[in-house]
Amino acid sequence: MKRVVDNVKKIHLQRITGYRLKMKDRPLMQWMAFMVAFWSVIFKPVSMMPGMLGYLKYLPDGILLVLLILSLGRKIKLNKSLLLPFGLVIGFFCYTAFIYLIQYQSVAYFLWGFRNNFRFYIAFFAFVALLDTKDVDQWFRAMDVLFWINTGLSAFQFFFLGVSGDYLGGIFGILGASNAFTLCFQSIVVTRAFLMTFNGTESFSSCILKCGASLLVAAMAEMKFYFFVVIFLIIGATVLSRFSFKKLMIFLLAMVAISYGASLVVEWFGFEGFFSYDGLMESATRDNYSGRGDINRLSAIPSLRQILDINSFEQLFGKGLGNCDTSAFAVCNTPFFRQYQYLHYTWFTSAMIFLETGYLGLGIYLSFFVSCALFANKCRRKRMGNMLYNQMAILVA
């Protein structure tokens, strides 16, 4: 009887407001998964909070730990095709644990390394097991709203507060490297916009506006790499969808927007020649990234091998998970980082994975993303599941 009354109230409210209620009753574990996703948006501003409040940034770690504990002993249905990615994660953990027995330094180092590397996997499989397509649709619609809020806030920070470059992060705050969060966020939103427009489910004007706005933010935040990301995304989206005149027009207009955005970067930050062939080759092959004796993004691993004189065993198996890491907690801050932090190797995921797990661990780590992309492509070709999300998984992986 109570359920009938509740349904009558919902229908009456829909007639009055004209809106459908999108909230639904969910198990606790689903709400916890949503909290982890939401926290990824506010993580950076929370970390800026003073005193003990700044430690709230570790709240998702606690939620993921509870999800992991609650999932133990439960029967969770997993698509058979996802057994390979799941097996790779289990294999990666066993590998890192075994190597750490050989390269042992501190339990705290290993646990911190586990936290930094495996929380992504826990979140990934939690989302797969607990959320459905409608949940993902709602989250992406929320990201579209946040995208425009981020664009407006970024413009305010740039033109009125004088914040620019690495410090300009919009909704992600104004600390160093805030623009890295913006780059990832915008890449996801723009990927979805390209694919939806090419698939005929988003308007031409909406896609162009999102692309243009993202490139403007990229110019203000000095995200030079983002311009190449957009080129890759639009080419990838073109390949994964059918040819149309609309697609050709979007491609040409995106190229114009990229050229204009790149000119703004040169005008505002003085990177003359950076986007030329010679400039790109120089940036890709130089020995350092910031000009202060550190390592470069594309040559990080060869540079580390040369500078640190890493022996053959450590090249293959690494120095041990967590043994090169850093932390706000002194007990987890490693001697290796204190000695070599000037190299800025923590800026690059591939360099960190190589140092701690070697070439073999890096291969296993990358294999997870390759397997997910292959699975998504298989589903796309067989027209299984959601076509848009299959396409996105291929590009984002």
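Conventions adopted
Residues numbered from 1 in each chain as written. Predicted model: local features only at pLDDT ≥ 70, side-chain atom pairs only at ≥ 80, totals over all residues. Heavy atoms only, no water. Phe/Tyr/Trp six-rings, centres within 6.5 Å; stacked < 30°, edge-to-face > 60°. Helix = DSSP H or I, 4+ residues; strand = E, 2+ residues; numbered from the N terminus. Buried < 20%, exposed > 50% of the residue type's maximum accessible area, 1.4 Å probe, protein only. Lys NZ or Arg CZ within 6 Å of the ring centre and 35° of its normal. Axes fitted to C-alpha atoms, helices over the stretch in contact; angles between N-to-C directions. Parallel < 35°, antiparallel > 145°, perpendicular 65-115°, else oblique. Contact = heavy atoms within 4.5 Å. Nonpolar A, V, L, I, M, F, W, Y, C, P; charged D, E, K, R; others polar. Core = buried A, V, L, I, M, F, W, Y, C linked by side-chain atoms within 4.5 Å. Expected span 1.5 Å × (residues − 1). 1 Å grid on protein atoms, 1.4 Å probe; cavity = no way out; pocket = protein on both sides within 12 Å on 5 of 7 lines; lining within 4 Å. Points joined across faces, edges and corners; volume = space filled by probe spheres on them. Patch = residues over 30% accessible without salt bridge, like charges linked within 9 Å, V, L, I, M, F, W, Y side chains within 5 Å. Areas by Shrake-Rupley, 256 points an atom, 1.4 Å probe, with all protein chains shown as cover. Salt bridge = Lys/Arg side-chain N within 4 Å of Asp/Glu carboxyl O. pLDDT = per-residue confidence, 0-100.

With the rule as written, the count across this model stands at 39 aromatic pairs. Taken together, a centroid distance of 5.1 Å and an interplanar angle of 50 degrees make the contact between Tyr-100 and Phe-110 tilted. One end of the pair, Tyr-100, is in helix 4 (residues 83-102); the other, Phe-110, is in helix 5 (residues 107-130), and 10 residues separate them in sequence. The two residues Tyr-100 and Phe-110 agree in class, both being buried. Ring geometry for Phe-336 against Tyr-345: centres 5.6 Å apart, planes inclined by 70 degrees, an arrangement best described as edge-to-face. Of the two residues examined, Phe-336 and Tyr-345, each falls in the buried class. Grouped by ring-pair contacts, the aromatic residues Phe-86, Phe-92, Phe-93, Phe-114, Phe-118, Phe-120, Tyr-121, Phe-124, Phe-125, Tyr-365, Phe-368 and Phe-369 constitute a single cluster. Directly above the aromatic system of Trp-112 lies the positively charged group of Arg-115, at a separation of 4.6 Å from the ring centroid. Over the aromatic face of Phe-198 sits the side chain of Lys-247, whose NZ or CZ is 5.5 Å from the ring centroid.

All right, on to the packing of helix 7 (residues 178-198) against helix 10 (residues 245-269) then. Two numbers describe how helix 7 lies on helix 10: the axes approach to 9 Å, and their chain directions differ by 150 degrees. When the interaxial angle is binned, helix 7 and helix 10 end up roughly antiparallel. Taken together, the residues of helix 10 that come into contact with helix 7 (itself represented by Phe-194, Thr-197 and Phe-198) are Lys-246, Lys-247 and Ile-250. Of the residues assigned to the contact of helix 7 with helix 10, the class counts are three nonpolar, one polar and two charged.

Here we take up the environment of Ile-353. Within the fold, Ile-353 resides in helix 15 (residues 349-381). What makes Ile-353 buried here is its relative accessible area of 3%. Not counting the four nearest positions on each side in its chain, Ile-353 is found in contact with Asn-117, Gly-358, Gly-361, Leu-362 and Tyr-365.

Another aspect to go through is the nonpolar core. In this structure, Phe-194, Leu-215, Tyr-226, Phe-227 and Val-230 are the most contacted members of the largest nonpolar core, which totals 47 residues. Elements represented by at least two residues in this core include exactly helix 6 (133-159), helix 7, helix 8 (204-220), helix 9 (224-239), helix 10 and helix 16 (387-396). It is helix 7 that contributes the most residues to this core, nine residues altogether. Of all hydrophobic cores here, the second largest spans 34 residues; its members include Tyr-95, Ala-300, Ile-301 and Leu-304.

Between the first and last C-alpha of helix 9 there are 24 Å, a value that for 16 residues agrees with the 22 Å anticipated at 1.5 Å per step. Within helix 9, the full set of buried residues consists of Lys-224, Tyr-226, Phe-227, Val-229, Val-230, Leu-233, Ile-234, Gly-236 and Ala-237. Where helix 9 is buried, its residues touch helix 7, helix 8, helix 10 and helix 16.

Let's shift gears to the layout of surface pockets. Estimated volume of the second largest pocket: approximately 630 Å³. Lining the second largest pocket are 21 residues, with Leu-68, Ser-71, Phe-86, Ile-122 and Phe-125 positioned closest to its centre. When residues of the lining of the second largest pocket are traced back to their parent elements, those giving at least two are helix 3 (59-71), helix 4 and helix 5. The residue makeup of the lining of the second largest pocket, split by class, is 19 nonpolar, one polar and one charged.

Let's shift gears to a nonpolar patch on the surface. Where nonpolar side chains cluster on the molecular surface, the patch consists of Leu-153, Phe-156, Phe-159, Phe-160, Leu-161, Leu-216 and Trp-268 and spans about 700 Å² of accessible area. Looking at which element gives the most residues to the nonpolar patch, the answer is helix 6, with three residues. Following the sequence through the fold, Leu-153 ends up in helix 6.

For helix 4, spanning 20 residues, the distance from its first C-alpha to its last is 29 Å, which sits close to the expected 28 Å at 1.5 Å a residue. As for helix 4, its buried residues are in contact with helix 5, helix 13 (312-317) and helix 15.

What follows concerns the environment of Phe-147. Structurally, Phe-147 is set in helix 6. With 24 residues separating them along the chain, Phe-147 and Ile-171 place their C-alpha atoms 9.1 Å apart. Excluding residues within four positions of it along the chain, Phe-147 makes contact with Phe-185, Gln-186, Val-189, Lys-210, Ala-213 and Ser-214.

For the protein chain, per-residue confidence averages 85 on the pLDDT scale, and 86% of positions sit at 70 or higher. Scored below 50 in pLDDT, residues 8-23 makes nine contacts in the model with residues more than four places away or belonging to other chains.

Positive phi values are uncommon outside glycine, yet Asp-309 reaches one of about 50 degrees. In this fold, Asp-309 is placed in the loop between helix 12 (300-308) and helix 13. A positive phi is found at Arg-383, a non-glycine position, where the angle reads about 55 degrees. Counting through the fold element by element, Arg-383 comes out in the loop between helix 15 and helix 16.

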